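Residue strings, one per chain:
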Amino acid sequence: MSFLKSHTEKSGPGDVFQAYPEVYRHWAEMGQQLINGPSPLTPGEREMIQGFVAGLINCQYAYVAHSAAAVARGIAPGTVEKLVADVASAPVSAKLKPLLLLVKKLALDPVNVSQSDADAVFSAGWDEAAYHSAVAVTARMTFMSKIIHGHGFIPMSPERARVNAEHRAKAGYVALYPKLGNAGGTTS
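So, here's what we can say about the structure.

**Here we look at the overall build of the chain**
Counting secondary structure elements, the chain contains nine helices and zero strands. When the helices and strands of the chain are read in sequence order from the N terminus, they spell out α-α-α-α-α-α-α-α-α. Viewed in the frame of its principal axes, the chain has a C-alpha envelope of about 50 × 35 × 30 Å. Relative to its 188 residues, the chain shows a buried fraction of 48%. Long-range pairs, those at least 24 residues apart, make up 70% of the contacts in the chain with a sequence separation of at least 6. With the model as given, the accessible surface of the chain reaches about 8900 Å², and the carbon-plus-sulfur share is 58%. Of the side-chain charges in the chain, 17 are positive and 15 negative, and the distance between the mean point of each set is 6 Å.

**Some points on the layout of surface pockets**
Taken as a whole, the largest pocket holds about 410 Å³ of empty space. Lining of the largest pocket is provided by 24 residues; of these, G14, Y61, N164, R168 and Y177 occupy positions nearest its centre. The set of elements that each furnish at least two residues to the lining of the largest pocket consists of α1 (13–19), α4 (60–72), α8 (128–151) and α9 (158–171). Residue contributions to the lining of the largest pocket peak at five residues, all from α9. Considering only residue class, the lining of the largest pocket consists of 12 nonpolar, seven polar and five charged.

**Brief notes about α9**
For α9, built from 14 residues, the straight-helix expectation of 20 Å at 1.5 Å per residue is met to within 8% by its first-to-last C-alpha distance of 20 Å. What α9 keeps buried is the set A161, A165, R168 and A171. Viewed end-on, α9 has its buried residues packed into an arc of 145°, placing them on one side of the element. Structurally, α9 contributes buried residues whose contacts are with α3 (43–56) and α4.

**Remarks on the packing of aromatic side chains**
In the structure shown here, the tally under the stated rule is four aromatic pairs. On the numbers, 4.1 Å between centres and 45° between planes, the contact of W27 with F143 is tilted. Of this pair, W27 sits in helix α2 (residues 21–36) while F143 sits in helix α8, and the two are 116 residues apart along the sequence. When its relative accessible area of 33% is taken as the criterion, F143 is described as partly exposed. Look at Y61 and F153: their rings are 6.2 Å apart centre to centre, the planes differ by 45°, and that puts the pair in the tilted class. With Y61 in helix α4 and F153 in the loop between α8 and α9, this residue pair connects regions lying 92 residues apart in the sequence. Owing to a relative accessible area of 9%, Y61 belongs among the buried residues under this scheme.

**Here's the deal with the nonpolar core**
If you look at the biggest cluster of nonpolar residues, it comprises 56 residues, and the most contacted ones within it are M48, I49, L83, L96 and L100. It is α8 that provides the largest number of residues to this core, a total of nine residues. In this view, L100 contacts M48, I49, F52, L83, V87 and V92; residues no more than four positions away in its chain are not counted.

**Remarks on the packing of α4 against α8**
Two elements in contact, α4 and α8, have axes whose closest approach is 9 Å; the angle formed by their N-to-C orientations is 130°. Overall, the two elements α4 and α8 adopt an arrangement that is oblique. Between α4 and α8, the contacting residues are Y61, A62 and H66 on the first element and R140, M141 and I148 on the second. Of the residues belonging to the contact of α4 with α8, the class tally is four nonpolar, one polar and one charged.

Conventions and cut-offs
Residue numbers restart at each chain and count upward from 1, following the sequence in its written direction. At least 70 in pLDDT is required for a residue's local features to be given in this predicted model, at least 80 for side-chain atom pairs to be given and counted, and no such filter applies to totals for whole chains, interfaces and linings, which use all residues. As a rule here, side-chain values cover all heavy atoms of the structure and leave hydrogens and water aside. Counting from the N terminus, the helices are DSSP H or I runs at least four residues long and the strands are E runs at least two residues long. Accessible area is worked out with a 1.4 Å probe on protein chains only. A residue is then buried under 20% of its type maximum, exposed over 50%, and partly exposed in between. Every residue pair with non-hydrogen atoms within 4.5 Å of one another is taken to be in contact. For accessible areas, the Shrake-Rupley method is used with a probe of radius 1.4 Å. Any residue's cover is judged against the shown protein chains and nothing else. Just so you know, the count uses Lys and Arg for positive and Asp and Glu for negative, and it drops His and the chain ends. Lysine's charge is taken at NZ, arginine's at CZ, aspartate's at CG and glutamate's at CD. Whether a set of points on the 1 Å grid over the protein atoms alone is a cavity depends on a 1.4 Å probe fitting there but being unable to get out, while an open set qualifies as a pocket with protein on both sides within 12 Å along at least five of seven lines; lining residues are those with an atom within 4 Å of a point. Grid points are joined across faces, edges and corners, and a volume is the space filled by probe spheres set on the points. When residue character is reported, Ala, Val, Leu, Ile, Met, Phe, Trp, Tyr, Cys and Pro are called nonpolar, Asp, Glu, Lys and Arg charged, and the others, Gly included, polar. To estimate how far a helix should extend, the number of its residues minus one is multiplied by 1.5 Å. As used here, the arc belongs to the directions running from the helix axis to the C-beta atoms. Ring pairs shown here join Phe, Tyr and Trp side chains whose ring centres sit within 6.5 Å, with only the six-membered ring taken for Trp; geometry is labelled stacked below 30 degrees between planes, edge-to-face above 60, and tilted in between. Take the buried residues of types Ala, Val, Leu, Ile, Met, Phe, Trp, Tyr and Cys, join any two whose side-chain atoms come within 4.5 Å, and each joined set is a nonpolar core. The axes are straight lines fitted to the C-alpha atoms, using for helices just the contacting stretch, and the angles between their N-to-C directions are given from 0 to 180°. Each angle is binned into one of four classes, with values under 35 degrees roughly parallel, values over 145 roughly antiparallel, values of 65 to 115 roughly perpendicular, and all other values oblique.

Structure follows, in structure tokens:
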């Protein structure tokens, strides 16, 4: 249950965003661009990274939500769970694995990310835009975990997560929160 009396057991980050639109409108627009904007990574891969990071840092609310979002964007069911268990044996391309190992280290041991981690990503064939995208998506999810844990939000059901994920895939991030409006952000 949320720590705030104004929230219900079904509350989540969107309730915080809509309560403080002057702060979170920009955050939603950034999320829209980060997940759905130009990147060498597909929107599905970026949602997969969000779910992966959430699983690594034990943010169950986001883990359920973004694992479902990854599936809604074409990632095979169970992939995020397998990544959390073991990147090496997870059913993702060999090219993605160094990028995901970077994400894991950044999420769990950020002060020890080194040039060799970056070099492994570049050696796998990724460019600086892909590297940045992975870092930024990881940063977004670690920020979101603080909002989620700080407010005491409880995970939604897998069915609700699936419905929300399908809506997010169609509507984008800004359109999820009507009180934020669309201050120049795209919703596709």
